[in-house]
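For reference, the chains in residue letters:
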Amino acid sequence: ETTRINIFLNDGEDEYKFVNSGSFVPEQCQQELLRIVEDSDDMTVLSISGSLPPGIDPDFYQEIMKLCEKKGVDVILDISAPKLKQLLAYGPLLIKPNDEEIEEIFGIRMNDEKDIVDTLHTLHEYGARNILLTLGNRGSYFYNGKKVYRAGTQQVKLLSSACAGDAALAGFMSVWLVDPNDIERALRRSAATGANVAESCALGDLAKVDDYYKNIKVNEVKK
């Protein structure tokens, strides 16, 4: 069916989102996707982002997780579905929730940095091996089971939040998947990319990422 079209309106102060549900995906297409995953011999990491379209049951997430577990493929989850809590039992390589999703899915409200650090530890105990927690203009936090890091933000004038979170995750993965120890550079790249996209229509041209990268501060959070 026709690809969905989402509308974001910005009146200079607030942003209004009209998000459509997307096209229906029949059972045969779902099985075809599973076959593609199963037959991909060179796959090492699978990133799952966004929301499920009509026709796909939330249990489909588990089918993919089980298949990846069988194949030894690492999974990155950037989803807002309530199912996320159960999927942590499969030990995803990385999850990227935001504060709203943490409250909606896990029932946890984070009021200060202590709450944030406690939440990161809780998510790790549930099974997430690494957590990238994004908090909008309050920056982001990363926890790998050993240390907690905080990244600041680049202040920009919001034009459209569409794609900003996805782009921030992509910026992070472009560094971190190559070298999991290069956390500071990954967080700086993530914050710079997300900020540049947020001040642009759609993805924009990413022309300011390198400049913003220099302005992002990253520090280790003491427990």
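Before reading on, note that the structure itself is shown above.
Just so it is clear, the model here is predicted, and its values are computed rather than measured. Every residue gets a number counted from 1 within its own chain, in the order that chain's sequence is written. Confidence filtering applies because this is a predicted model: local features only for residues at pLDDT of at least 70, side-chain atom pairs given and counted only at 80 or more, and all residues used for totals across whole chains, interfaces and linings. With hydrogens and water excluded, all non-hydrogen atoms of the structure serve as input to the side-chain values.

Student: Looking at this structure, how should I read the pattern of salt bridges?
Tutor: Pairing is possible between side chains of opposite charge, provided their charged atoms come close. For salt bridges, the criterion is a side-chain nitrogen of Lys or Arg within 4 Å of an Asp or Glu carboxyl oxygen. Throughout the structure, instances matching the rule amount to 11 salt bridges. Close ionic contact of E220 with K147 constitutes a salt bridge, the shortest N to O distance being 4.0 Å. Here K147 lies in the loop between strand 7 (140-143) and strand 8 (148-151) and E220 lies in strand 9 (residues 218-221), a separation of 73 residues in the sequence. Secondary structure follows DSSP: runs of H or I at least 4 residues long count as helices, runs of E at least 2 residues long count as strands, and numbering of each begins at the N terminus.

Student: What should I look at first to understand unusual backbone geometry in this one?
Tutor: Keep in mind that most residues, glycine aside, have a negative phi and that most peptide bonds are trans. In this model, C163 sits at a positive phi of 80°, which is unusual for a non-glycine residue. Looking at the element boundaries, C163 is found in the loop between strand 8 and helix 6 (164-176). The residue L206 is not glycine, and still its phi comes out positive at about 60°. Positionally, L206 belongs in the loop between helix 7 (183-198) and helix 8 (209-213). The exposure class assigned to L206 is partly exposed, which follows from its relative accessible area of 39%. Each residue is placed in one exposure class: buried if its accessible area under a 1.4 Å probe, protein chains only, is under 20% of its type's maximum, exposed if it is over 50%, and partly exposed if it falls in between.

Student: Explain helix 7 to me, please; I cannot follow it from the model alone.
Tutor: Think of an α-helix as turning once every 3.6 residues; residues three or four places apart then point the same way. The end-to-end C-alpha distance of helix 7, which contains 16 residues, comes to 22 Å, matching closely the 22 Å that a straight helix rising 1.5 Å per residue would cover. Of all the 16 residues making up helix 7, 13 are buried; the element is thus mostly covered by neighbouring parts of the structure. For a helix, the expected span equals 1.5 Å multiplied by the number of residues minus one.

Student: Explanation requested: helix 5 (residues 113-126) in the structure shown.
Tutor: Along its 14 residues, helix 5 runs 20 Å from first to last C-alpha, staying within 8% of the 20 Å computed at 1.5 Å per residue. Taken as a whole, helix 5 has its buried residues at I116, V117, T119, L120 and L123. End-on view of helix 5: buried residues confined to an arc of 160°, all on one side of the axis. Projecting away from the buried face of helix 5 at angles above 90 degrees are the exposed residues K114 and E125. Between the side-chain oxygen of the N-cap and the backbone nitrogen of K114 there are 3.2 Å, and the N-cap of helix 5 in question is D112. Positive phi shows up at G127, right after helix 5, with a value of about 135°. Regarding the arc, it is the one traced by the directions from the helix axis to the C-beta atoms. In protein, a polar contact means a hydrogen-donor-capable atom and an acceptor-capable atom, both N or O and within 3.5 Å, with residues adjacent in sequence counting only if both atoms are side-chain atoms; elsewhere, any N or O pair within 3.5 Å suffices.

Student: Could you clarify how one ought to interpret the environment of L169 in this entry?
Tutor: As for its placement among the helices and strands, L169 is situated in helix 6. Taking C-alpha positions, L169 is 9.5 Å from A186, a pair spaced 17 residues apart along the chain. Other than its neighbours up to four places away in sequence, L169 contacts S49, I76, D78, L94, K96, L132 and S190. Residues are treated as being in contact if the distance between any of their heavy atoms lies within 4.5 Å.

Student: Help me out: how do you make sense of the packing of helix 1 (residues 27-39) against helix 2 (residues 59-71) in this one?
Tutor: Each pair of packed helices can be described by the angle between their axes along with the distance between the axes. Close contact between helix 1 and helix 2 brings their axes to 10 Å; oriented N to C, the two are set at 15°. Taken together, the axes of helix 1 and helix 2 are roughly parallel relative to one another. Handedness of the crossing formed by helix 1 with helix 2: right-handed. Residue-level inspection shows Q30, Q31, L33, L34, V37 and E38 of helix 1 in contact with helix 2, the latter providing F60, E63, I64, L67, C68, K70 and K71. Here the residues of the contact of helix 1 with helix 2 sort into 7 nonpolar, 2 polar and 4 charged. Axis lines are fitted to C-alpha atoms, over the contacting stretch for helices. Their N-to-C directions set the angle, which ranges from 0 to 180 degrees. Geometric relationships in this document are graded by angle, where less than 35 degrees denotes roughly parallel, more than 145 denotes roughly antiparallel, 65 to 115 denotes roughly perpendicular, and other angles denote oblique. Put simply, a crossing is left-handed when the front helix is turned counterclockwise from the back one by less than a right angle, and right-handed when it is turned clockwise. All residues other than Ala, Val, Leu, Ile, Met, Phe, Trp, Tyr, Cys, Pro, Asp, Glu, Lys and Arg, Gly among them, are scored as polar; the first ten of these are nonpolar and the last four charged.

Student: Explain the nonpolar core to me, please; I cannot follow it from the model alone.
Tutor: Across soluble globular proteins, nonpolar side chains have a tendency to be buried as a group. Ranked by size, the top nonpolar core spans 38 residues in total, and within it L77 and L133 carry the most contacts. In terms of residues, this core owes the most to one element, helix 2, which gives 6 residues. Ignoring any residue separated from it by four or fewer positions in sequence, one finds L133 in contact with P97, N98, D99, I102, M110, I116, L120, G139, S140 and Y141. Note on terminology: a nonpolar core comprises buried Ala, Val, Leu, Ile, Met, Phe, Trp, Tyr and Cys residues joined through side-chain atoms within 4.5 Å. Membership of the second largest hydrophobic core comes to 18 residues, among which are L132, F142, M173 and A186.

Student: Explanation requested: the environment of L84 in the structure shown.
Tutor: Structurally, L84 is set in helix 3 (residues 84-87). Separated by 22 residues in the primary sequence, L84 and Q62 place their C-alpha atoms 9.9 Å from one another. Ignoring anything within four residues of it in the chain, the contact list for L84 reads L77, I79, I95, I105 and F106.

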